[in-house]
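Spelled out from the first residue to the last, the chains are:
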Amino acid sequence: MPLAAPRRLIGAALVAMSVVASSHASVAASPVAAGASVTAAALPAATTFTELSGLPQDTDTYGKLSGLVVHPARTVAVYAQPGGTPAATLPAKQLGSQTWVPVVEARKGWYRVLLPSKPNHVTGWIKATGLKKARSRYRAVVKLGTRQLTVMNANKKLGTWTVAVGGPETPTPVGRTFMLALMSPKKKTYSPLVLPLGTHSATLDTFGGGPGTVAFHGWPDRKVFGKAVTHGCVRVPASALKVLAGLPLGTPVLIAP
């Protein structure tokens, strides 16, 4: 999916205005799964572009996720609690990718999942029926203090790299999140791939026309690695970007202080 105004996005790799328009259109047109007494137009869609209210926060922000991830085959209702009133919808696709979200809690017939919307760490309950399920053995860990990224496959380390992270005024947000999408700009930019996460800048409401979505992306100048200089995104070497691009969507990402 192309990124509009790539020069304005340098330093942050955040989702662009052309993507915003197309994503909102596709979400609004999506039907809600059978059994939900709401329509997609009546409730906010849980995407990287929206801010949700009335839903529970993830209180174990540094906890290890089980690796269980789910994908709604079609738009489903999101609840603040099982059996309650729908508060949002979760579309089957966003940013050109299938929506896969990690499960943080399970009850009979229900999953509480991390959502890609603002505020950071927002979660919601979705019905377990009608979902595709998978288990990711992978996880990515970013340590802001040492400016290091480590990617694991179960207990096997796939690599550790020195990266660039958010600067003092635009820090990379901490806590657990997930791989939301994979975007490949059609026009040449600073990175051949951009990997948006389910988290947002805490200091920038928007950047380059997008919603301030934090991402992994490459960078042509290796001198930045090891420094806190970005607008919140994590700039990674080419070898790390290749490994990250191979991770399944929904894979847990932990950003630690």
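As a starting point, this report considers the structure included with it. (Residues numbered from 1 in each chain as written. Predicted model: local features only at pLDDT ≥ 70, side-chain atom pairs only at ≥ 80, totals over all residues. Heavy atoms only, no water.)

## Overview of the nonpolar core
Side chains of nonpolar character tend, in soluble globular proteins, to be buried together. By size, the foremost hydrophobic cluster in this structure holds 34 residues, and its most contacted members are V70, L90, Y111, V113, L115 and I126. Elements that contribute at least two residues to this core include exactly strand 1 (68-72), strand 2 (76-79), strand 3 (86-90), strand 6 (101-107) and strand 7 (110-114). The element best represented in this core is strand 7, accounting for three residues. Not counting the four nearest positions on each side in its chain, Y111 is found in contact with L68, V70, V103, E105, A106, G124, W125, I126, A128, L131 and K133. In terms of nonpolar packing, the next biggest core, distinct from the first, is built from 21 residues, V151, V165, L195 and V214 among them. (Core = buried A, V, L, I, M, F, W, Y, C linked by side-chain atoms within 4.5 Å. Buried < 20%, exposed > 50% of the residue type's maximum accessible area, 1.4 Å probe, protein only. Helix = DSSP H or I, 4+ residues; strand = E, 2+ residues; numbered from the N terminus. Contact = heavy atoms within 4.5 Å.)

## Digging into empty space enclosed by the protein
All told, the structure shown has one cavity of 30 Å³ or more when counted by the stated rule. Estimates place the volume of the largest cavity at around 50 Å³. Every residue along the wall of the largest cavity is listed here: L114, L115, N120, H121, V122, R176, T177, F178, G198 and T199. When contributions to the lining of the largest cavity are tallied by element, the ones reaching two or more residues are strand 14 (175-178) and strand 15 (194-200). Broken down by element, the lining of the largest cavity gets its largest block of residues, three residues, from strand 14. (1 Å grid on protein atoms, 1.4 Å probe; cavity = no way out; pocket = protein on both sides within 12 Å on 5 of 7 lines; lining within 4 Å. Points joined across faces, edges and corners; volume = space filled by probe spheres on them.)

## Overview of the side chain of T48
On the secondary structure map, T48 appears in the loop between helix 2 (17-28) and strand 1. One polar contact links T48 to T213, side chain to side chain, over a distance of 2.5 Å. Discounting chain neighbours no more than four positions away, the residues touching T48 are Q94, L95, P116, L180, H200, P211 and T213. (Polar contact = N/O pair within 3.5 Å; in protein donor to acceptor, adjacent residues only side chain to side chain.)

## With respect to the pattern of salt bridges
Inspection of every chain in the model, using the stated rule, returns three salt bridges. R107 is the partner of E105 in a salt bridge, and the nearest nitrogen-oxygen pair spans 3.5 Å. Notably, a salt bridge pairs E105 with R112, separated by 2.9 Å at the nearest N-O pair. A relative accessible area of 11% places R112 in the buried class. Salt bridges linked by common partners bring E105, R107 and R112 together as one network. (Salt bridge = Lys/Arg side-chain N within 4 Å of Asp/Glu carboxyl O.)

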